[in-house]
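This is what each chain is made of:
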Amino acid sequence: MPKPPEAGRPKSPRTPTPAKATAPPKPGLHLRNRHRDRYDFTLLVKACPELARFVVTSPRGERTVDFADPAAVKLLNRALLKQVYGVEGWDVPEGYLCPPIPGRADYLHHLADLLATGPKIPKGPQVRVLDIGTGANLVYPLIGHREYGWSFVGTDIDGRALESAQRILQANPDLAKVVELRRQEDATRIFEGLLRPGERFDLCMCNPPFHASAAEAREGTERKWRNLGREEGDRRPRLNFGGQGSELWCPGGEAAFVRRMVEESARMPEACRWFTALLSKSENLKAVTRALHVAKVRETKIIDMAQGQKRSRIVAWTYQT
């Protein structure tokens, strides 16, 4: 069993192995992302033996899993978090979001660059991060602390999701010391009613609900299902990465959610050095940029992200010099 990294002392990035002609590094990921190489299923199965029965050989002769199978996706995540980051006992309740680990790690690495002074990235628990919508999976705090030693406050409106996140912390006592969970009781608010008077963070991060309605979320699931090569009559579970309603959609979708973040941030500009959020749709940038202008932020940055064919971006803003 791999030895987990010490809390606050992330492992040094491994030296990439030479790329094989049949398995080149994954395109678009951040240079510090530990998932740029193809998955090593020998190590992953060693970390999580339950994964073995889901490993198959692709037509190109590569070992992989069926990404349309939610059980396979969950065990792959459990194996990655244990083998790469030393996280024990990771799990999510059935039907909750089971996010792709490489993309989540990328967000954190780009935020580290945002805080960096020249080549030096601030590390340690004195760097405080607010994770809006941390979910049952708690992935951002898990990876963020293991990589950079940061401390986190993870928030959510879903009490059951926070119970799941708490179980993960109980299985990892070192993480429980640097990750605090809070429930936002008012679903119409993001920061207000959640932050304590005078509380300050270095970063705020958020992966907002993508869709604008439950119907749109269902359509997106069907589209993803077809992209995975499944037929309309296939009765297997459609949500390979899961997701509850509040994780997948909100009125107005991601654009409305991020605009609300901007509006609330303007009323507490000192609460965070950098406010940030993911935007999946480039067409939503215009509305968010307009909201940032109205809020009179001091600086805005748009950071492009890519994972294979998928494109997204981080919107970051600050009111501070």
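Residues numbered from 1 in each chain as written. Predicted model: local features only at pLDDT ≥ 70, side-chain atom pairs only at ≥ 80, totals over all residues. Heavy atoms only, no water.

Topic: the environment of glutamine 170
Stated precisely, the cut-off is as follows: Secondary structure elements are defined from DSSP: runs of H or I of at least 4 residues count as helices, runs of E of at least 2 residues count as strands, and each element is numbered from the N terminus. Summary of the burial criterion: residues with accessible area below 20% of their type's maximum are buried, those above 50% are exposed, and those between are partly exposed, where the area comes from a 1.4 Å probe applied to protein chains only.
With respect to the secondary-structure elements, glutamine 170 resides in helix α5 (residues 159-170). In this structure glutamine 170 comes out as exposed when scored by relative accessible area, which is 56%. When the C-alpha atoms of glutamine 170 and glutamate 88 are compared, they prove to be 9.5 Å apart, with 82 residues separating the residues in sequence.

Some remarks on the sheet that holds strand β5 (residues 179-183)
Selection criterion: Note on pairing: DSSP must find at least two bridges between two strands before they are called paired. Interaxial angles span 0 to 180 degrees and are taken between N-to-C directions of axes, which are lines fitted to C-alpha atoms, for helices over the stretch in contact. In this description, contact between two residues means that some pair of their heavy atoms is separated by no more than 4.5 Å.
Overall, mixed pairing links the seven strands, which are arranged β5-β4-β3-β6-β7-β9-β8 in an open sheet. The sheet is open, and its two borders are formed by β5 and β8 (299-307), each paired with just one other strand. Between one strand and the next, the sheet's axes are offset by a mean angle of 20°, whatever the strand orientation. On top of the sheet, helix α3 (residues 101-115) reaches β4 (151-156), β6 (201-206), β7 (272-279), β8 and β9 (310-318); it is set at about 150° to β8, its chief contact.

Digging into the pairing of β8
Sheet topology places β8 next to β9; nine bridges connect them, and they run antiparallel. Along β9, the bridge assignment pairs alanine 306 with arginine 311. Counting the residues in the hairpin turn of β8 and β9 gives two residues, including glycine 308, whose phi is positive at 65°.

Focus on the nonpolar core
Going by this rule: What we call a nonpolar core is a set of buried Ala, Val, Leu, Ile, Met, Phe, Trp, Tyr and Cys residues that are connected through their side-chain atoms within 4.5 Å.
Counting 57 residues, the largest nonpolar core has Leu51, Trp90 and Trp150 as the members making the most contacts within it. Looking at this core element by element, the count peaks at nine residues for helix α2 (residues 70-85). Ignoring sequence-local partners within four residues, the contact set of leucine 51 consists of Phe41, Leu44, Val45, Val65, Ala72, Leu75, Leu76 and Ala79. Grouped together as the second largest cluster of nonpolar side chains are 27 residues, Ile190, Cys204, Val262 and Ala277 included.

Considerations on the packing of aromatic side chains
Which entries qualify depends on this criterion: Only Phe, Tyr and Trp rings are paired, with Trp represented by its six-membered ring, and only when their centres lie within 6.5 Å; those with planes under 30 degrees apart are stacked, over 60 edge-to-face, the remainder tilted. The rule for a charge over a ring is simple: NZ of Lys or CZ of Arg within 6 Å of the ring centre, and within 35 degrees of the ring normal.
For the coordinates displayed, the defined rule picks out six aromatic pairs. Geometrically, the ring pair formed by tyrosine 148 and tryptophan 150 is stacked, given 4.8 Å between the ring centres and 20° between the ring planes. Since its relative accessible area comes to 0%, tryptophan 150 is described here as buried. With centroids separated by 5.5 Å and ring planes inclined at 70°, the aromatic side chains of phenylalanine 191 and phenylalanine 275 adopt a geometry described as edge-to-face. Note that phenylalanine 191 is positioned in the loop between β5 and β6 and phenylalanine 275 in strand β7, a separation of 84 residues in sequence. Across this residue pair, the class does not change: phenylalanine 191 and phenylalanine 275 are buried. The structure contains a cluster of three or more aromatic residues connected by ring pairs, namely Phe191, Phe275, Trp317 and Tyr319. In this structure, arginine 128 packs its charged tip against the face of phenylalanine 201, placed 4.4 Å from the ring centre.

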